[in-house]
Amino acid sequence: MNSEKIIPLVVFIAVVLFVKMSDVKHIWDKQKTNFRSTMPVREGPKRPLVGVIDDGTKTVRFVIYEAGRSEELVAYQMDKTEVQPHEGWSEQDPLEIIHHIKLCAENAIDQLVELGYTKDDIVALGITNQRETTIAWDKYTGEPLHAAIAWNDIRTDSTVDAILAKIPDRNKNYFKNICGLPISPYFSALKMRWLKDNVKAVRRASRDKRLLFGTVDTWIVWNMTGGPHGGLHITDVTNASRTLLMNLETLNWDPILCRLFGIHRDTLPTIRSSSEIYGTVKDGSIVDGIRISGILGNQQSALVGQNCLQAGQAKNTYRSGCFLLYNTGTRRVQSTHGLITTVAYKLGPDTPAVYALEGSIAVAGGAMKFLRDNLRLIKDVVQDTEHIAGQVFSTGDVYFVPAFSGLYAPYWRKDARGIICGLTAFTTKNHIIRAALEAVCFQTRDILEAMNKDCGMPLAKLHVDGRMTSNDLLMQLQADLIGIPVLRAQAWDMSTLGVAVVAGGAVGVWSADKWRTHATLNDTFLPTTTDDDRDARYTKWKMAVQRSLGWATTKKSFTMTDERYKLLASIPATLYIIGSFTMLVVSNMLKNR
Ligand SMILES: Nc1ncnc2c1ncn2[C@@H]1O[C@H](COP(=O)(O)OP(=O)(O)O)[C@@H](O)[C@H]1O
Ligand SMILES: O=P(O)(O)OC[C@H](O)CO
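Nothing here was measured: the structure is a model prediction, and the numbers come from that model. (Residues numbered from 1 in each chain as written. Chains lettered and ligands numbered in written order. Predicted model: local features only at pLDDT ≥ 70, side-chain atom pairs only at ≥ 80, totals over all residues. Heavy atoms only, no water.)

Digging into the site of ligand 2
- Neighbouring ligand 2 are Gly-56, Thr-57, Gln-130, Arg-131, Glu-132, Trp-151, Tyr-186, Asn-298, Gln-299, Arg-319, Ser-320 and Phe-323.
- Note that an oxygen atom of ligand 2 is positioned 3.0 Å from one of the side-chain N or O atoms of Arg-131.
- Contacts to ligand 2 include Glu-132, whose side-chain N or O atom sits 2.6 Å from an oxygen atom.
- For ligand 2, whose free accessible area comes to 310 Å², the fraction covered by protein is 99%. (Near = heavy atom within 4 Å. Polar contact = N/O pair within 3.5 Å; in protein donor to acceptor, adjacent residues only side chain to side chain. Areas by Shrake-Rupley, 256 points an atom, 1.4 Å probe, with all protein chains shown as cover.)

Focus: the packing of helix H3 (residues 157–164) against helix H5 (residues 188–198)
- Closest axis-to-axis distance for the H3/H5 pair is 10 Å, and the angle between their directions is 100 degrees. Classified by the angle between their axes, H3 and H5 sit roughly perpendicular to one another. Contacts between H3 and H5 involve Thr-159, Val-160 and Ile-163 on the former and, on the latter, Leu-190, Arg-193 and Trp-194.
- For the contact of H3 with H5, a count of residues per class yields four nonpolar, one polar and one charged. (Axes fitted to C-alpha atoms, helices over the stretch in contact; angles between N-to-C directions. Helix = DSSP H or I, 4+ residues; strand = E, 2+ residues; numbered from the N terminus. Parallel < 35°, antiparallel > 145°, perpendicular 65-115°, else oblique. Contact = heavy atoms within 4.5 Å. Nonpolar A, V, L, I, M, F, W, Y, C, P; charged D, E, K, R; others polar.)

Some thoughts on the confidence of the model for the protein
- Here the protein averages 86 in pLDDT, while 84% of its residues score no lower than 70.
- When the criterion is pLDDT under 50, residues 15–40 qualifies, and its contacts beyond four places in sequence or with other chains add up to 27 contacts.
- Long-range and interchain partners of residues 556–561, a stretch whose pLDDT sits below 50, account for five contacts in this model, where long-range means more than four residues apart.
- With a pTM of 0.84, the predicted complex shows an ipTM of 0.93. (pLDDT = per-residue confidence, 0-100.)

A look at the UniProt feature "domain: Carbohydrate kinase FGGY N-terminal" (unreviewed entry) in the protein
- As recorded in UniProt, the sites labelled "domain: Carbohydrate kinase FGGY N-terminal" (unreviewed entry) are residues 50–305.
- A helix fraction of 31% and a strand fraction of 26% characterise residues 50–305, whose end C-alpha atoms lie 14 Å from each other. (UniProt positions renumbered as here; feature names shortened; annotations may be inferred.)

Overview of the packing of aromatic side chains
- Considering all chains together, one arrives at 20 aromatic pairs under this definition.
- With 6.5 Å between their ring centres and 15 degrees between their planes, Trp-219 and Trp-222 make a pair best called stacked. Of the two residues, Trp-219 and Trp-222 are both situated in helix H7 (residues 216–224); the distance of three residues between them amounts to about one turn of the helix. The residues Trp-219 and Trp-222 share a single accessibility class, namely buried.
- One aromatic cluster in this structure is built from Trp-151, Tyr-186, Phe-187, Phe-323, Tyr-408 and Trp-412.
- Cation over ring: Arg-131 sits above Phe-323, and NZ or CZ is 5.0 Å from the ring centre.
- Here the guanidinium or amino end of Arg-445 rests over the ring plane of Tyr-538, the centre of that ring lying 4.2 Å away. (Phe/Tyr/Trp six-rings, centres within 6.5 Å; stacked < 30°, edge-to-face > 60°. Buried < 20%, exposed > 50% of the residue type's maximum accessible area, 1.4 Å probe, protein only. Lys NZ or Arg CZ within 6 Å of the ring centre and 35° of its normal.)

Below is the structure:
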């Protein structure tokens, strides 16, 4: 072979090898998230272990901690299937959740065995979960009667209007002093009402007294403790406080609210504390026989995991949504600036509940997914957002309000829809991506402004966690746009740590004091902007928010959606021509009469 032929051949082989290597790296990167054995084999006496089930919006995880240590020992994670049958709807499969939990537990315990432990070293299980997502099932067969309706599903828009019609002045905050929440599609009672109004199987089960309702924690515990054969129908105060049905003072279902939404008390779980031995797993799975002793909604769990156990401490968790919780101690602070009052935790049946003010943001990391999957501006949410947005020094005055399903706190406007404004011929995708990152930071500032007004004392620093916080650019923008230091947690997943602490606490292997010494911080991001600069940009953000409001109406006009287009396109052309011709003839006949 002469060199003319050899050189292209070598180049070709090199290219093929390079492509294959990047494939391998991609697969390896994916595996790393699933098979994370973060710790080497331990020397010295073994500690008791605490297992955690974390059911998130997009993923299920099973994590195992050594009691008293804040680092994960092993973890296994699986993605979940999200179904969006219609615009604004978001459903999950309740059976998939149970299936994934079992598989994750098996895989995590396999890793545990490699480290020299056995499953009997696990002395307690904790559950942390996406909140508000609602499931209805049959108490005698255990069958779900419908898909789980996810927290960010907005199908209940008109249900909200129907409920508001029964309330003086249609005031969405009318019952806020009882349950801490405004009437919004976000919360579970609306989803329960929708299920009763729209799903025959749910109505039938309700009539036959077979219906059980629950948030995801309830569904998991019921299934794991025996299901139709004596499964416990319980929830914890933090999850119950997200339904719109719990009275924040009595910590029980409120009769007025249950009547307003038409939800029968017998279909609701018993409300328990966040840290006590509820029962033992009896499902024949690998964790059979282990005690379940902790339940916390995932945002409350991150508050505990971040060690924000004193009144006045706050954390912000950046996941698909973003949730800022401010511990108010045993005082229930009523927000007059659009925040909600929620239970932060109750560490035992006889200990008082601790409350928090919460600013909930529906879309944070979800906007990055939108840029990748819908607009295809990026390929990788983690690397591209940081890298591409970092290629420009500002958004070029572009603002992105990701109000895909309305705006939550502090606006609570279900009629808002997403906008990108300020586009010029100079705008590139880099500016739009950067604007999407800044949107997360501005929404956090919205919450902080409200929180400072409600609490009267501005927050001096912000503790942050969640997968998105690995983005350094986002963290710096956050510090720049709120003007206070941002303290990033040592590990991104504080939700699993929080419930591990309370589950371990209930069985006496984990005391808050011991855990505290291990909760260390990793990085601090300091503001680099002036007050004037950040205030000017914030004023522009508020203008953008104003433009996003009032876009969606409950009564939709007939618009040509993709679904309708496909339906019309499927009608044979001849039928269409005959139909049109007939209409023409009839209209002429009528005209000539
Ligand atoms: N480093 C990052 N930079 C920007 N966006 C990120 C980063 N990491 C994750 N995200 C986004 O955050 C979202 C939330 O991630 P994750 O915590 O896994 O979801 P969940 O809400 O199910 O817990 C993802 O959909 C992704 O779009
Ligand atoms: O699973 P996440 O992180 O999206 O959490 C969802 C919240 O709990 C909703 O309130």
